[in-house]
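Per-entry structural report
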Amino acid sequence: MPGETRTAYRTCPLCEAACGLELTIADERIVAARGDADHVFSRGFVCPKGATFGQLSQDPDRLRRPLVRRGDRHVEVSWDEAYRAIEAGLGPILRQHGPQSVAVYLGNPNVHTMAGGLYLSPLLRALGSRNIFSASTVDQMPKHVSSGYLYGSPLAIPVPDVDRTDLLLVLGANPWESNGSLATAADFPGRLKALQARGGRFVVVDPRRTRTAEHADDHVAIRPGTDAFLLFGIVHTLFAEHLVDLGALAGHVTGLGQVGELAQAFTPERAAAACGVPAERIRGLARDLAAATTAAVYGRIGTCTVEFGTLTSWLVDVVNVLTGNLDSPGGVMFPLAAHLRPHARSGGKGFTVGRWHSRVRGLPEVKGEFPVATLADEIETPGDGQVRAFVTVAGNPVLSTPNSGRLDRALGGLDFMVSVDPYLNETTRHADVVLPPTDAARKGHYDFSFLALAVRNFAAYSPPVLPADAGGMDECDILARLTLLVTGHGADADPAALHEQMLQQTLQRVAAAAPNSGRTAEELRAMVDGEHPAERLLDVALRTGAYGDGFGARPDGLSLTRLLAHPHGVDLGPLRPRIPEVLQTPSGTVELCPAPLAADVERLRGALDRPHEDLVLIGRRHLRSNNSWMHNVPALVKGRDRCTLQMHPVDAARLALADGEDARIASRAGVVSAPVEVTDRVMPGVVSLPHGWGHDLPGTRMAVAAAHPGVNSNVLTDEFAIDPLSGNSVLNGIPVEVKPAARS
Ligand SMILES: Nc1nc2c(c(=O)[nH]1)N[C@H]1C(S)=C(S)[C@@H](COP(=O)(O)OP(=O)(O)OC[C@H]3O[C@@H](n4cnc5c(=O)[nH]c(N)nc54)[C@H](O)[C@@H]3O)O[C@H]1N2
Ligand SMILES: Nc1nc2c(c(=O)[nH]1)N[C@H]1C(S)=C(S)[C@@H](COP(=O)(O)OP(=O)(O)OC[C@H]3O[C@@H](n4cnc5c(=O)[nH]c(N)nc54)[C@H](O)[C@@H]3O)O[C@H]1N2
Ligand code: SF4
Ligand SMILES: [Mo]
C-alpha cells in the first residue's frame, strides 16, 4: 500500500549460502535489506551482496520490457511482438535445419530461480537439441562425474559437516569470500570460527593466501593444477602407513585394493616434486586426517576447473572414504532436501557419459550437455548440424567461458539469438530478442539446488515480496511460452496451458507411485495449494518429499502452507547417514575405483615429471562480486580497481614490473592488459586476475559497470584445455607471458 512501511522475509538468491533476508519495504520499494536474525539457518548473517538486494531489484538499467534488435540498436517492444519476432526468427531455422541447429546456454542464476529448477527441462525436451551447454562445464562438472561413478548419481554430492568436524581440509575454495559452494553454509566464516573455538582446525591448500587461508590454522601453498598429486600422496601415505580405516563404511566399498595399487606411483616425494608441497607436509596431512576423531576434505573451484578436475574431485572423496569420514557425522555427508525423497533401495543403473558426441570435436556428452569450451566450434564450423540459432537463459558466456574473444565473434555470426535475461550485457547485446524476467522481489523462491547441498537439513520458501509488475512477465511464464512456441503452439500461446499440463503429469506420477493411497490425480489436484504455477509444483514436491505431509498421511509433515507459515525457515536437523540407500551404482556399493578414473590416472602419472611452466594464471573472487553480473550495483564496485593482476614481488622484479604499472598478459588464446598489484599473497610463479570483468564492449546497457570495466580474464583461458572426463574447462593454471605493457 502507498505510504506504508512493512517488513518482509526472503531467501537471498545471490549465492549458494541461501541466507534469510529481512527486507524493509516503503511505498512498495525495498529500502533496506538486512540479515534475518530469526532465520533457522543463517541466523542474521548477510554479506555485502545480499545487502544490495533492493538496489539490484530496482537497478534503473534492469530491463523490464522485451527488446528487439533493429540494426545495431535494441528497442523496447510488447511481449506479443517479442514472441512473434522469435517465431519469425527461430521457426524457419528449426524447420529448415532441425533441432540441432539451435544451441542453448544455461547460466548460473538458473540454479537460483524456481523457473530454472522447474521450466528448463520442458523447454530443452521440447527443443530436442543435443547442443546444450551450461555454466556447469566452467564450474562443477568434475564433481558430478566423480559422484556419478562413485555413488551412481551425479547429484549425490557429499558436503563437509562443518558444524561438527574436528579437522577440515579445504582445497581450492575460498568460502570467506565466496560464501561457500557445493556446501550451502550461510555464514561460512562464522562456522569456521566456531570450528576453531571448539578446538578443531582447518587447513587451506591454495596458491593464494586468501582470506580463508589467513584465518586458517595452516595455509599450504600449492602449484596450480596439481592437487591430484598432493591427494594421491596422501592416499599413498594412508596405505603405506596402514592408516586406512573405513569405519562404518566397511562392507559398502568396493575397489579399495585397486586404489592402493594406483597410489603406489605417487610417493610423497614424487608428489612433492610435482605439486610443490614438501613430502613431509603431505605425510603430515595424511596422518592428521587419519588421527582426527572426525575430518572432512572439501574441494571446490580450484579442484574442478583444472587439468585433472575429475581425478582431483574423486581423490577428495577417496581420502574421505579411506579415513572413515564419508557419510559419518563430522565427516562429509549427503543432505536430504525437503523436495526430494530417499531412494527405496540401494543399487541402480549407475552413471554413463558419451551417449552422444559433439559434432566438431567429438567430445562426449556429460549429463546431457556438451562442454561450453566447444560452443564456438559448433557455431563457426559449417556443415550438417551447424549451430545457427542460440538461446541463452541467465548466462553471460562472453565473459564467463574460455577464449571468450572467439565466442564473442562467433555470436556475431549467428542467424538468430534469443536471451532470457534482465540485462543488455556483453552476451545479450548479440540477441535479436531479449526477454527480461521480473526481478527477484516479485518472484517466489525455493532453493531446489542448494537445499540438497546444505550442511544442515532445512527448508524455506519465500513468496514474492512485491506485487507483480502488470506489464512485466514472470520467468516461469517466459520459459513456458517459449516452450509452447517451440512445440508449434504459436507465438501467442497461453503459458497457463503448460503450467497445468506439468502439474497434471506430476500428479499422475504421484498417484501411480502410491496407488494404495486411494487418491486419483484429480483428487490430489483439488488438494494442491499455491497461487502461482511454481508454488503448486513445489507443494506437490514438498508433500511427497522426505518430510512431507503425504497429502494428509502425516498431518504434521511439510507442505507449501506449512513453509508459508514459517518465514524464517523450518529446521530439519543435522545431516544423517544415508548409506546404503543413497548409493545408486550397479553394485549398490561405493565403487571406489571406477574404470574411467583408473584409466585417467595414467595421464596423471605421465604428468608427474613434467617441467613446470614459468608463470601460470589463476582467478579470484571478491566478496563484493558475483561472477560477471553484479558490477552494475554502485555499492559493489566503489573503491579502488579490483581487476588487477596480482603478482609476487620476486616475479615482479624478474619481469621489471612495478606496482600499478600496466602489464600485457598473453596466452595461447589471447592478450589483455591490466594493472599489476605486487603482493606476496600469490606464490611465486603464479599470477591472479579475477573473472567477470571486461564491461567496455559497445551495445550494452549497464552504465555503472561500463564506468568500472576491468578486463576479461577469459580472453586468456584456452578453449582447448579441458578435463577430458567431464569436459570442464581449465580456468586455473593457464600458462601466460607477462611484460610491461609500455615496452611491448
Ligand atoms: N576464468 C574464470 N571463469 C569463470 C570462473 C572462474 O572461476 N574463472 N567461474 C565460472 C563459474 S563457477 C560460473 S558459475 C560461471 C558463471 O557464468 P554465467 O552463468 O555465464 O555468467 P554470470 O556472470 O553468472 O551471468 C549471469 C547472467 O544471468 C543474468 N541473470 C541474473 N539474474 C537472472 C534471473 O533471475 N533470470 C535470468 N534469466 N537471468 C538472470 C545476468 O544478467 C547475467 O547475464 O562463470 C565461470 N567462469
Ligand atoms: N563473492 C563471490 N562469491 C561467489 C561468487 C563470486 O563470483 N563472488 N561466485 C559463486 C560461484 S558461481 C561459485 S562456483 C563459487 C565458487 O566458490 P569457491 O570455489 O570457494 O571460490 P573461489 O574464490 O573461486 O575459490 C577458488 C580458490 O581456488 C584457488 N585455486 C586456484 N587454482 C588452484 C589449484 O590448482 N589448487 C588449489 N588448491 N587451489 C586453487 C584460488 O586461488 C581460489 O582461492 O563462489 C560463489 N560465490
Ligand atoms: S552470502 Fe550469499 S546468500 Fe548470503 S547474503 Fe551474501 S549473497 Fe546472499
Ligand atoms: Mo559457479
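Rules used throughout
- Residues numbered from 1 in each chain as written.
- Chains lettered and ligands numbered in written order.
- Predicted model: local features only at pLDDT ≥ 70, side-chain atom pairs only at ≥ 80, totals over all residues.
- Heavy atoms only, no water.
- Near = heavy atom within 4 Å.
- Polar contact = N/O pair within 3.5 Å; in protein donor to acceptor, adjacent residues only side chain to side chain.
- Areas by Shrake-Rupley, 256 points an atom, 1.4 Å probe, with all protein chains shown as cover.
- Helix = DSSP H or I, 4+ residues; strand = E, 2+ residues; numbered from the N terminus.
- Nonpolar A, V, L, I, M, F, W, Y, C, P; charged D, E, K, R; others polar.
- Buried < 20%, exposed > 50% of the residue type's maximum accessible area, 1.4 Å probe, protein only.
- Arc of directions from axis to C-beta.
- Contact = heavy atoms within 4.5 Å.
- Salt bridge = Lys/Arg side-chain N within 4 Å of Asp/Glu carboxyl O.
- Pairing = 2+ DSSP bridges.
- Core = buried A, V, L, I, M, F, W, Y, C linked by side-chain atoms within 4.5 Å.
- Axes fitted to C-alpha atoms, helices over the stretch in contact; angles between N-to-C directions.
- Parallel < 35°, antiparallel > 145°, perpendicular 65-115°, else oblique.
- Left-handed = near helix turned anticlockwise from the far one by under 90°.
- Phe/Tyr/Trp six-rings, centres within 6.5 Å; stacked < 30°, edge-to-face > 60°.
- 1 Å grid on protein atoms, 1.4 Å probe; cavity = no way out; pocket = protein on both sides within 12 Å on 5 of 7 lines; lining within 4 Å.
- Points joined across faces, edges and corners; volume = space filled by probe spheres on them.

Another point: the site of ligand 2. Close to ligand 2 lie 31 residues; Asp206, Gly225, Asp227, Arg621 and His622 are nearest. Within the backbone of Gly225, a nitrogen or oxygen atom sits 2.6 Å from an oxygen atom of ligand 2. One of the side-chain N or O atoms of Asp227 is found 2.6 Å from a nitrogen atom in ligand 2. About the coverage of ligand 2: the protein hides 98% of its 920 Å² of free accessible area. Among the secondary structure elements, those contributing two or more residues to the shell around ligand 2 are α5 (175-178) and α12 (301-304). At three residues, α5 tops the list of elements feeding residues into the shell around ligand 2. Looking at side-chain class alone, the shell around ligand 2 contains 10 nonpolar, 13 polar and eight charged residues.

What follows deals with helix α10 (residues 268-275). Taken residue by residue, α10 has Pro268, Ala271, Ala272, Ala274 and Cys275 as its buried positions. Here the buried residues of α10 occupy an arc of 165° about the axis, which is enough to place them on one side. Residues of α10 that are buried in the fold lie against α8 (227-240) and α11 (279-291).

The next thing to look at is the pattern of salt bridges. Throughout the structure, instances matching the rule amount to 44 salt bridges. A salt bridge links Arg283 to Glu269; the shortest N-O distance between them is 3.0 Å. Residue Arg283 is located in helix α11, and its partner Glu269 is located in helix α10; the two are separated by 14 residues in the primary sequence. On the accessibility criterion, Arg283 (17% relative accessible area) is buried.

So, on to the sheet that holds strand β24 (residues 671-678). If you walk across this open sheet you meet the seven strands as β26-β21-β25-β22-β24-β23-β27, and the pairing is mixed. Among the strands making up the open sheet, the edge pair consists of β26 (734-735) and β27 (737-740). Looking at chain direction, strand β23 (residues 662-666) and β27 are connected through four bridges and run antiparallel. Within β27, the residue paired with Ala666 across the bridge is Glu737.

A word on the nonpolar core. In this structure, Ile234, Trp314 and Leu435 are the most contacted members of the largest nonpolar core, which totals 173 residues. Not counting the four nearest positions on each side in its chain, Ile234 is found in contact with Leu169, Ile282, Leu285, Ala286, Leu289 and Val319.

Moving on, we get to the sheet that holds strand β3 (residues 29-35). Across the sheet, three strands lie side by side as β1-β2-β3; this open sheet has antiparallel pairing. In this open sheet, the two strands that pair with only one neighbour each are β1 (5-11) and β3. The mean angle between the axes of side-by-side strands here comes to 25°, regardless of whether they run parallel or antiparallel. Where strand β2 (residues 20-26) meets β3, six bridges bridge the pair, whose relative direction is antiparallel. Each bridged residue has a counterpart across the sheet, and for Leu23 the counterpart in β3 is Ala33.

Next up on the list: the site of ligand 3. The environment of ligand 3 is formed by Cys12, Leu14, Cys15, Ala17, Ala18, Cys19, Phe45, Val46, Cys47, Lys49, Gly50 and Asn179. Classifying every residue of the shell around ligand 3 gives nine nonpolar, two polar and one charged.

On to the packing of helix α4 (residues 141-151) against helix α13 (residues 309-322), then. Contact geometry of α4 with α13 gives a least axis separation of 8 Å together with a crossing angle of 55°. When the axes of α4 and α13 are compared, the pair comes out oblique. Read as a crossing pair, α4 and α13 show a hand that is right-handed. Two secondary-structure elements touch here, α4 through Pro142, Lys143, Val145, Ser146, Leu150 and Tyr151 and α13 through Gly309, Thr310, Ser313, Trp314, Val316 and Asp317. In terms of residue class, the contact of α4 with α13 is built from six nonpolar, four polar and two charged.

Moving on to the side chain of Thr323. Here Thr323 is to be found in the loop between α13 and β14 (332-333). Residue classification places Thr323 among the buried residues on the basis of a relative accessible area of 14%.

Bringing the packing of aromatic side chains into the picture now. Under the definition given, this model contains 10 aromatic pairs. Here the aromatic rings of Phe41 and Phe458 are separated by 4.2 Å at their centres, their planes lie at 15°, and the arrangement is stacked. Placement of Phe41 in the loop between β3 and α1 (53-57) and of Phe458 in strand β18 (residues 456-459) is noted, with a sequence separation of 417 residues between them. Side by side, Phe41 and Phe458 carry an identical accessibility label, which is buried. Judged by centre distance (4.3 Å) and plane angle (5°), the rings of Phe232 and Phe266 are stacked. One end of the pair, Phe232, is in helix α8; the other, Phe266, is in the loop between α9 (256-263) and α10, with 34 residues separating them in the sequence.

We now examine the layout of surface pockets. Its boundaries defined by the atoms lining it, the second largest pocket holds a volume of some 550 Å³. The wall of the second largest pocket is formed by 27 residues, among which Pro224, Arg610, Glu613, Val616 and Gly733 lie closest to the centre.

Okay, the pairing of β24 next. Both strand β22 (residues 645-647) and β24 contribute to a ladder of three bridges, which runs parallel. Across the sheet, residue Gln646 finds its bridge partner in β24, namely Glu677. Sheet topology places β23 next to β24; five bridges connect them, and they run antiparallel. Bridging across to β24, Ile665 finds its partner in Val672. Linking β23 back to β24 in an antiparallel pair, the connection comprises four residues.

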